[in-house]
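Spelled out, the chains give:
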Amino acid sequence: MLFPRGQVDGRHWAAVGGAFGARLATLVQPAPPYYALHGLVAAGLVRREWADQQAARYPTHAGLGASQRAKALDIRPTTTGWLDLAPGARPSTRRSELDAIISGHMGIRLGTDVPLPAEPVLADFLERTRAYAERYAPPGQLGTPGAEAGLARSYWLLEIFESVYRSGAVEESMHRVFRPGVPTIEVMRAAASEQVVEELARLAEQTQSYGALAELRRLAGNPAPGRPLGIAGPVLVNHWADGDLLISGPDGATLIDVKTVVKTDRPDRSSRWLWQLLCYAWLDTADRYRIRSVAFYFARHGVLVTWPLAEFTDLLLGGADPRQARAEFLTAARKAMTGEGARLPTGHAELPPA
């Protein structure tokens, strides 16, 4: 079992989990860090237009037509094609509390068509991170301990950005980097402590040494080196339910929930994990992802536990009719998500005209 070295605060556990999740996402697919980019927009550090431009630079999105590239954050690959998360919608230009910080410290009036001060250095950071991962740890492969330590600094920073999107607030770690002014890349990468870097590198190494990486590759049909293993961050319901990883194999896909917890002996919590995983699989009503198996990866233990979806469903339902149970769940889910402005996907995956 892998523990942090030394004393850590409560925020450490979730932040390391988020950063390691970002690392595994890149292991599976060279896709944009969607929610880190959304977090930068929400923080007021970048324009939505800039975020879409950056998303379009990633290998998954590089071949899109001009109209899709202009809204690249809303265009997601699935197992069966492409998905437009906001058909016909215009990108958001939302600003938040860092607006005042940027304006006050930079003396700049923010406008939607005016480049913001932090955009060039953030673009350079993303480009360097993308190139480094492609060279030293391409999809389906881990890097050397030194390479993983270098990547850990980048993914820790991406987690800081994503936390703005997830929580709706700018935390102290973000303020430390950006409050004094536009930082250098060196300042940004120094946001991760040596303790954090070492822990993230150990988590990555454990994925390989305990056999989980080999199992992920097997589930994906053992693709050629450098080929993606599946989908990073599959969206089941936009802004309501998105998974961690989806491994695409010849006999269907495996939806994986990544956990960085130390203990799994609390029945109430474990029960919620199990039911959430099943419900996420049930939410794929259009079968965009061809989910046929589900799994948990317990990163601190290096253990990947998988079930065929039908078997997993039977275990949880205890003999109840799965079709009726799913129908009842979807009825309740529709009511809940409608109240929050979300909706179930319909039809087949589609890509809007270029």
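Predicted model, so just to flag it, every value in this text is computed and none were measured. (Residues numbered from 1 in each chain as written. Predicted model: local features only at pLDDT ≥ 70, side-chain atom pairs only at ≥ 80, totals over all residues. Heavy atoms only, no water.)

(A) Quick look at the packing of aromatic side chains. What the rule picks out here adds up to nine aromatic pairs. Between F125 and F161, the ring centres sit 6.4 Å apart and the planes meet at 85 degrees, which makes this aromatic pair edge-to-face. Highlighted residues: F125 in helix α6 (residues 119-136) and F161 in helix α7 (residues 145-167), separated in sequence by 36 residues. On the basis of relative accessible area, F125 is assigned to the buried category, the value being 2%. With a relative accessible area of 1%, F161 lands in the buried category. Geometrically, the ring pair formed by Y132 and Y136 is tilted, given 4.7 Å between the ring centres and 45 degrees between the ring planes. In this pair, Y132 and Y136 both sit in helix α6, four residues apart, roughly one turn of the helix. Taken together, the aromatic side chains of W273, F296, F298, W307 and F312 make up a single cluster linked through ring pairs. A cation over an aromatic ring shows up here: R76 above the ring of Y34, its NZ or CZ 3.7 Å from the ring centre. (Phe/Tyr/Trp six-rings, centres within 6.5 Å; stacked < 30°, edge-to-face > 60°. Helix = DSSP H or I, 4+ residues; strand = E, 2+ residues; numbered from the N terminus. Buried < 20%, exposed > 50% of the residue type's maximum accessible area, 1.4 Å probe, protein only. Lys NZ or Arg CZ within 6 Å of the ring centre and 35° of its normal.)

(B) Quick look at the side chain of T129. Tracing the chain through its elements places T129 in helix α6. A distance of 3.2 Å separates polar atoms of two side chains, one belonging to T129 and the other to S154. (Polar contact = N/O pair within 3.5 Å; in protein donor to acceptor, adjacent residues only side chain to side chain.)

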